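Structural overview for review
Residues per chain, in single letters:
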Amino acid sequence: GAVVSQHPSWVICKSGTSVKIECRSLDFQATTMFWYRQFPKQSLMLMATSNEGSKATYEQGVEKDKFLINHASLTLSTLTVTSAHPEDSSFYICSASGTSGIGEQYFGPGTRLTVT
Amino acid sequence: AQKITQTQPGMFVQEKEAVTLDCTYDTSDPSYGLFWYKQPSSGEMIFLIYQGSYDQQNATEGRYSLNFQKARKSANLVISASQLGDSAMYFCAMRASGGSYIPTFGRGTSLIVHP
């Protein structure tokens, strides 16, 4: 149980275009999902907390108009990188809190975004 | 504010030996949870083990155990009988009530298991 899928696993897009990344909890309901960005050989940087049915809470320094997050259902959250630029190239990871009550996170496999 | 410190950027261990990965934390909250995650080269983060701040005993999950020393604010991960497949990045993390349970991650430790 507690499987999180993420799609696509990798994407290459041209500068100025938008890219949507989907994060799904496959066998449990996730009221809260997290979106992270990870640079090579670095830790996870939390971008935003996504709550089902409400607006996402963005971390300081993250442009909410550039990184649009929608959590439309208890199993799906999406991250849209709008007007992507080469500096947005990164590894994006989503996670969902498990249902055991201890707060563990289950992560998607990640999306590698390359903006050319 | 919550903080996780992992001071070992890289560790090497011989196959079948045990290894300890260090983690210290800082929080003023009495209620918090400590977690370890493994990130293989594939990139997917895997939840390994959890320790609650009120747990009296150290957590264990198979070959993983957590050496929890509350007074020292340390939560070291011990991997026994290392296997080649244990080679990965390992992240210590915390969630605390004062931080609205927003996860805080350490910088990670790269573990390489030699045959």
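Worth saying up front: this structure is predicted, and the values here are computed from it rather than measured. (Residues numbered from 1 in each chain as written. Chains lettered and ligands numbered in written order. Predicted model: local features only at pLDDT ≥ 70, side-chain atom pairs only at ≥ 80, totals over all residues. Heavy atoms only, no water.)

What follows deals with the pattern of salt bridges. All names here are of chain A. With the rule as written, the count across this model stands at four salt bridges over all chains. A salt bridge links E22 to R24; the shortest N-O distance between them is 3.4 Å. Under the relative-accessibility criterion, E22 is labelled partly exposed at 26%. Of the charged contacts, one joins K66 and D88 as a salt bridge, the two residues approaching to 2.9 Å between their closest N and O atoms. Here D88 lies in the loop between β8 (76-81) and β9 (90-97) and K66 lies in the loop between β6 (57-58) and β7 (67-73), a separation of 22 residues in the sequence. Taken as a pair, K66 and D88 share a single burial class, namely buried. (Salt bridge = Lys/Arg side-chain N within 4 Å of Asp/Glu carboxyl O. Buried < 20%, exposed > 50% of the residue type's maximum accessible area, 1.4 Å probe, protein only. Helix = DSSP H or I, 4+ residues; strand = E, 2+ residues; numbered from the N terminus.)

All names here are of chain A. On the basis of which strands lie adjacent, the open sheet formed by four strands has the order β1-β3-β8-β7 and antiparallel pairing. Each of the sheet's edge strands pairs with one partner strand only, and the pair in question is β1 (4-7) and β7. Neighbour to neighbour, the strand axes of the sheet diverge by 15° on average, direction disregarded. The pairing of strand β3 (residues 19-25) with β8 spans six bridges and is classified as antiparallel. When the bridges of β8 are listed, R24 appears paired with L76. (Pairing = 2+ DSSP bridges. Axes fitted to C-alpha atoms, helices over the stretch in contact; angles between N-to-C directions.)

A separate point is the interface of chain B and chain A. Residue-level contacts link 16 residues of chain B with 19 residues of chain A. Here chain B packs against chain A, burying approximately 1,400 Å² in sum over the two surfaces, 61% of which is carbon and sulfur. Interface area lost by chain B to chain A is led by M45(B), R95(B) and F105(B), which between them contribute 30%. Where chain B packs against chain A, one counts zero salt bridges. Seen at the junction of chain B and chain A, the total is five residue pairs in polar contact (both at pLDDT 80 or more). Those elements that place two or more of their residues in the side of chain B that touches chain A are β5 (32-39), β6 (46-52) and β10 (88-96) of chain B. When residues of the side of chain B that touches chain A are assigned to their parent elements, the largest contribution, three residues, is made by β5(B). Looking at the side of chain B that touches chain A residue by residue, the classes come out as ten nonpolar, three polar and three charged. (Contact = heavy atoms within 4.5 Å. Buried area = accessible area lost by both parts, 1.4 Å probe. Polar contact = N/O pair within 3.5 Å; in protein donor to acceptor, adjacent residues only side chain to side chain. Nonpolar A, V, L, I, M, F, W, Y, C, P; charged D, E, K, R; others polar.)

With that settled, the discussion passes to the packing of aromatic side chains. Inspection of the entire model under this criterion finds 15 aromatic pairs over all chains. Between F35(B) and Y50(B), the ring centres sit 5.1 Å apart and the planes meet at 45°, which makes this aromatic pair tilted. One end of the pair, F35(B), is in strand β5; the other, Y50(B), is in strand β6, with 15 residues separating them in the sequence. Judged by relative accessible area, F35(B) falls into the buried class, the value being 1%. Here the aromatic residues F28(A), F34(A), Y36(A), Y106(A), F107(A), F35(B), Y37(B), F47(B), Y50(B) and F105(B) are joined through ring pairs into a cluster of three or more. The ring of Y64(B) carries R63(B) above its face, with NZ or CZ at 5.8 Å from the centroid. (Phe/Tyr/Trp six-rings, centres within 6.5 Å; stacked < 30°, edge-to-face > 60°. Lys NZ or Arg CZ within 6 Å of the ring centre and 35° of its normal.)

Let's shift gears to the state of the cysteines. Each disulfide consists of a covalent bond between the sulfur atoms of two cysteine residues. Inspection of every chain in the model, using the stated rule, returns two disulfides over all chains. Each disulfide pairs two cysteine sulfurs, and for C23(A) the partner residue is C94(A), the sulfurs being separated by 2.0 Å. Judged by the sign of its S-S torsion, about 85°, the cystine formed by C23(A) and C94(A) is right-handed. Of this pair, C23(A) sits in strand β3 while C94(A) sits in strand β9, and the two are 71 residues apart along the sequence. Note that C23(B) is cross-linked by a disulfide to C92(B), the S-S spacing being 2.0 Å. Taking the sign of the S-S torsion, about -65° here, the bridge from C23(B) to C92(B) comes out left-handed. Of the two residues, C23(B) is situated in the loop between β3 (19-21) and β4 (24-26) and C92(B) in strand β10; the sequence distance between them amounts to 69 residues. Residue classification places C23(B) among the buried positions, given a relative accessible area of 0%. With a relative accessible area of 1%, C92(B) lands in the buried category. For C13(A), which is in no disulfide, the shortest distance to another cysteine sulfur is to C94(A) and amounts to 18 Å. (Disulfide = S-S within 2.5 Å.)

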